[in-house]
Amino acid sequence: MSVQKYANYLEVSPLFESVVDINADQRNPHLWQEYIVGEDMEALVECLCQSLGNEAPDLRRSFWVHGSYGTGKSYAAIFVKHLLEEPPETINAFMANHQVLSAYRSRFMKCRQNGDYLVIWKTGCTGIRSGDMMLLEAEKAVREALIAKFGDKADLGTGSLLNAVKAKLNSSMIAWENVLENTTLGDDYSCVDELRAKVESGDLKALQRTAAVIRQYGWGLIDNLETFEAWIAEVIDANGLAKSGIFFIWDEFTEYVNHCDDHTVMQQLSEFCKVKPFFMLYVVHRSDEMVDSMGKERYQTITHRFHTVEFHISADASYDLIAGSFGPRPGMDAHWQEERRAIVKEIRPSLPDMVGLDDNITERIELLCPMHPMTIKLLARVAESYAAAQRTL
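First, a word on scope: everything that follows refers to the structure included in this document. (Residues numbered from 1 in each chain as written. Predicted model: local features only at pLDDT ≥ 70, side-chain atom pairs only at ≥ 80, totals over all residues. Heavy atoms only, no water.)

Quick notes on unusual backbone geometry
- With an omega of 20°, the peptide bond running from Cys369 to Pro370 counts as cis.
- Inspection of the secondary structure puts Pro370 in the loop between α20 (365-368) and α21 (373-386).
- Phi is positive for Asn54, which is not a glycine, with a value near 50°.
- On the secondary structure map, Asn54 appears in the loop between α2 (39-52) and β2 (63-67). (Helix = DSSP H or I, 4+ residues; strand = E, 2+ residues; numbered from the N terminus.)

Structural data, given as structure tokens:
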């Protein structure tokens, strides 16, 4: 008699992602629609409605998403990304048919009715140790997103660019004579004074070529908050984003929070959305060790200007993730249904005797089969308790 194994009937779902990041989103364009909306995401959607909808002056804020490892913060940020960049009719239909989000549909769609957002995604901040460095990286990401969305019609903020290039050309910290000698700028401009004169007169070719050389050397242009905000304001207006805005998601931002000694730029930038619709959403892996090393008071000072949402591993989400991670092999669906009925029939009379088992497991018993109900309960508990150290679930 041959031994039957669960592997004869079941397999891990081909769409299962052990770690959801932006690469997983690119592999599966429909991944965002599979997101399980729990209380944490519901709180974040509420904050989005308040801020993007400008429902009250003090509610117009940027966003701080934090929590332990494995609590689904990146997946949540990807979900927000799609809520803001998918066609409005797609989001309207999605929210209308969603058990939880339908309650927010009217308010959220008001945020989408004034045009498309420019949604920017950036992952990681390795080596970024100051506010000025952060702004340089943000400028680069915004420029790339503008070009990707608008192509040749993208307005990259010539006015603010002119002021920034002028400041660099007049900087005593840069030996421009050597720059001309060692770059192609020297082919068209005989001396620094000639180059300065061309830029001062608004010569677009001189401006763009000088800006390209500055970036080539890594000196940056938008390297202080005042210049960055002026530039952002210009590109928002010039690219028709004044009624919608720019939404900048910075995933894996933990290293900056841990190692930057001055968070003033980050905090001040978070409030620029009160002036122009430029919103930041930072995703941070918060741990007790990190907060203790920084000091709880300092961490609270950093975050108090944001809409702050902490993500957790809820039991319900754990059950749904487990149930969705496997399914019948091709052609084995009917056979598995029959086998599963027999297994569930055998175990169901014992469910009331399983101490600590909650109704959510018993209601999902068929979806979770063949995993033992107490195994499911223990796994969810372990994941919730130890997620700070490992992506346990």
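A short note on the sheet that holds strand β3 (residues 117-123)
- Read from one edge to the other, the open sheet built from five strands follows the order β3-β4-β5-β2-β6, with strand pairing classed as parallel. In the strand order of this sheet, the two ends are held by β3 and β6 (307-311), each with one partner. Here the average twist between neighbouring strands, direction ignored, is 15°.
- Taken together, the five bridges between β2 and strand β5 (residues 278-285) define a ladder with parallel strand orientation. Pairing of Gly67 across the sheet is with His285, part of β5.
- Sheet contacts for helix α6 (residues 131-150): β3, β4 (245-251) and β5; angle to β3, the most-contacted strand, approximately 130°.
- Sheet strands touched by helix α16 (residues 296-303): β2, β5 and β6. Its angle to β2, the strand with the most contacts, is close to 140°. (Pairing = 2+ DSSP bridges. Axes fitted to C-alpha atoms, helices over the stretch in contact; angles between N-to-C directions. Contact = heavy atoms within 4.5 Å.)

A short note on the packing of α6 against helix α12 (residues 225-238)
- Across the interface, α6 lies against α12 with an axial gap of 11 Å and an inter-helix angle of 15°. Taken together, the axes of α6 and α12 lie roughly parallel to each other. Read as a crossing pair, α6 and α12 show a hand that is left-handed. Here Leu135, Ala138, Glu139, Val142, Arg143 and Leu146 of α6 lie close against α12, whose contacting residues are Leu225, Phe228, Trp231, Ile232 and Val235.
- Tallied by class, residues from the contact of α6 with α12 come to nine nonpolar, no polar and two charged. (Parallel < 35°, antiparallel > 145°, perpendicular 65-115°, else oblique. Left-handed = near helix turned anticlockwise from the far one by under 90°. Nonpolar A, V, L, I, M, F, W, Y, C, P; charged D, E, K, R; others polar.)

A look at the nonpolar core
- Core analysis: the biggest nonpolar cluster contains 63 residues, and Met134, Trp250, Phe253, Leu269, Phe278 and Tyr282 have the highest contact counts within it.
- Other than its neighbours up to four places away in sequence, Tyr282 contacts Phe63, Trp64, Val65, Met134, Trp250, Phe253, Met266, Leu269 and Phe306.
- Leu31, Cys47, Leu52 and Ala77 belong to the second-largest nonpolar core, a separate cluster that totals 43 residues. (Core = buried A, V, L, I, M, F, W, Y, C linked by side-chain atoms within 4.5 Å. Buried < 20%, exposed > 50% of the residue type's maximum accessible area, 1.4 Å probe, protein only.)

Description of the pattern of salt bridges
- As enumerated under the stated definition, the model contains 14 salt bridges in all.
- In this structure, Asp58 engages Arg61 in a salt bridge whose closest nitrogen and oxygen atoms are separated by 2.8 Å.
- When its relative accessible area of 47% is taken as the criterion, Asp58 is described as partly exposed.
- The network of salt bridges with shared partners includes Asp25, Lys81 and Glu85. (Salt bridge = Lys/Arg side-chain N within 4 Å of Asp/Glu carboxyl O.)

Focus on the layout of surface pockets
- Here the largest pocket defines a volume of roughly 1100 Å³.
- Where the lining of the largest pocket is concerned, the elements lending two or more residues are α2, α3 (73-85) and α17 (315-323).
- Per element, the largest residue contribution to the lining of the largest pocket is five residues, and it comes from α17.
- Here the residues of the lining of the largest pocket sort into 16 nonpolar, 15 polar and ten charged.
- Looking at the second largest pocket, its volume works out to about 310 Å³.
- Lining of the second largest pocket is provided by 19 residues; of these, Val119, Ile120, Trp121, Ala141 and Ala145 occupy positions nearest its centre. (1 Å grid on protein atoms, 1.4 Å probe; cavity = no way out; pocket = protein on both sides within 12 Å on 5 of 7 lines; lining within 4 Å. Points joined across faces, edges and corners; volume = space filled by probe spheres on them.)

In short, shape yes, function no, at least from these values alone.
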